[in-house]
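So the chains spell out like this:
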Amino acid sequence: QVQLVESGGGLVQPGGSLKLSCAASGRISVVDAMGWYRQAPGKQRELVAFVASDESADYADSVKGRFTISRDSAKNTVLLQMNSVRPEDTAVYLCNVKAHMTTGSDSDCWGRGTQANVCS
């Protein structure tokens, strides 16, 4: 299966920046879509951004113009650059990777999450 290692969360003041990283490893043949979701206390998990294999990307309306998702296909890594963060961006951020495995199966894998706290 796919193993995901996330990093980059932490504490930041409103208006500041954070950069999240997620690296996928395992018996991966091809990585398809890679994305970031978030879940705040008492709220449902929501999509923040995803990037497809052709590097086309889409964003939640709440983060458009502030967050940028990118991927390094050679390293099976997805990044989320978070700028102009707001208190409502506070959440656990989870990486999601969809991949085709060398075994011929497909994998839809979630990371354990990294906490981002935005507070003054």
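Right, let's walk through the structure included here. (Residues numbered from 1 in each chain as written. Predicted model: local features only at pLDDT ≥ 70, side-chain atom pairs only at ≥ 80, totals over all residues. Heavy atoms only, no water.)

Glancing now at the nonpolar core. Grouped together as the largest cluster of nonpolar side chains are 32 residues, with contacts concentrated most on Trp36, Leu80 and Tyr93. Where this core is concerned, the elements lending two or more residues are β1 (2–7), β3 (18–26), β4 (28–39), β5 (46–51), β7 (67–72), β8 (77–82), β9 (91–101) and β11 (114–118). Per element, the largest residue contribution to this core is six residues, and it comes from β9. Residues in contact with tyrosine 93, not counting those within four places in the same chain, are Glu6, Leu20, Trp36, Tyr37, Arg38, Val48, Phe67, Leu80, Met82, Gly113, Thr114 and Ala116. (Core = buried A, V, L, I, M, F, W, Y, C linked by side-chain atoms within 4.5 Å. Buried < 20%, exposed > 50% of the residue type's maximum accessible area, 1.4 Å probe, protein only. Helix = DSSP H or I, 4+ residues; strand = E, 2+ residues; numbered from the N terminus. Contact = heavy atoms within 4.5 Å.)

This next bit is on the sheet that holds β8. Pairing is antiparallel across the open sheet formed by four strands, whose spatial order is β1-β3-β8-β7. One side of each edge strand has no neighbouring strand; the edge strands of this open sheet are β1 and β7. Within the sheet, the average angular offset between the axes of one strand and its neighbour, ignoring direction, is 15°. Strand direction decides the pairing type here: β7 and β8, joined by six bridges, are antiparallel. Paired with arginine 71 across the strands is valine 78, a residue of β8. (Pairing = 2+ DSSP bridges. Axes fitted to C-alpha atoms, helices over the stretch in contact; angles between N-to-C directions.)

Here the structure, examined in full by the defined rule, presents five salt bridges. Linking aspartate 89 and arginine 38 is a salt bridge whose minimum nitrogen-to-oxygen distance equals 2.9 Å. Placement of aspartate 89 in the loop between β8 and β9 and of arginine 38 in strand β4 is noted, with a sequence separation of 51 residues between them. Judged on exposure class, the residue aspartate 89 and its partner arginine 38 are both buried. Aspartate 108 serves as the salt-bridge partner of lysine 98, at 3.8 Å between the closest nitrogen and oxygen. Of this pair, lysine 98 sits in strand β9 while aspartate 108 sits in strand β10 (residues 106–110), and the two are ten residues apart along the sequence. (Salt bridge = Lys/Arg side-chain N within 4 Å of Asp/Glu carboxyl O.)

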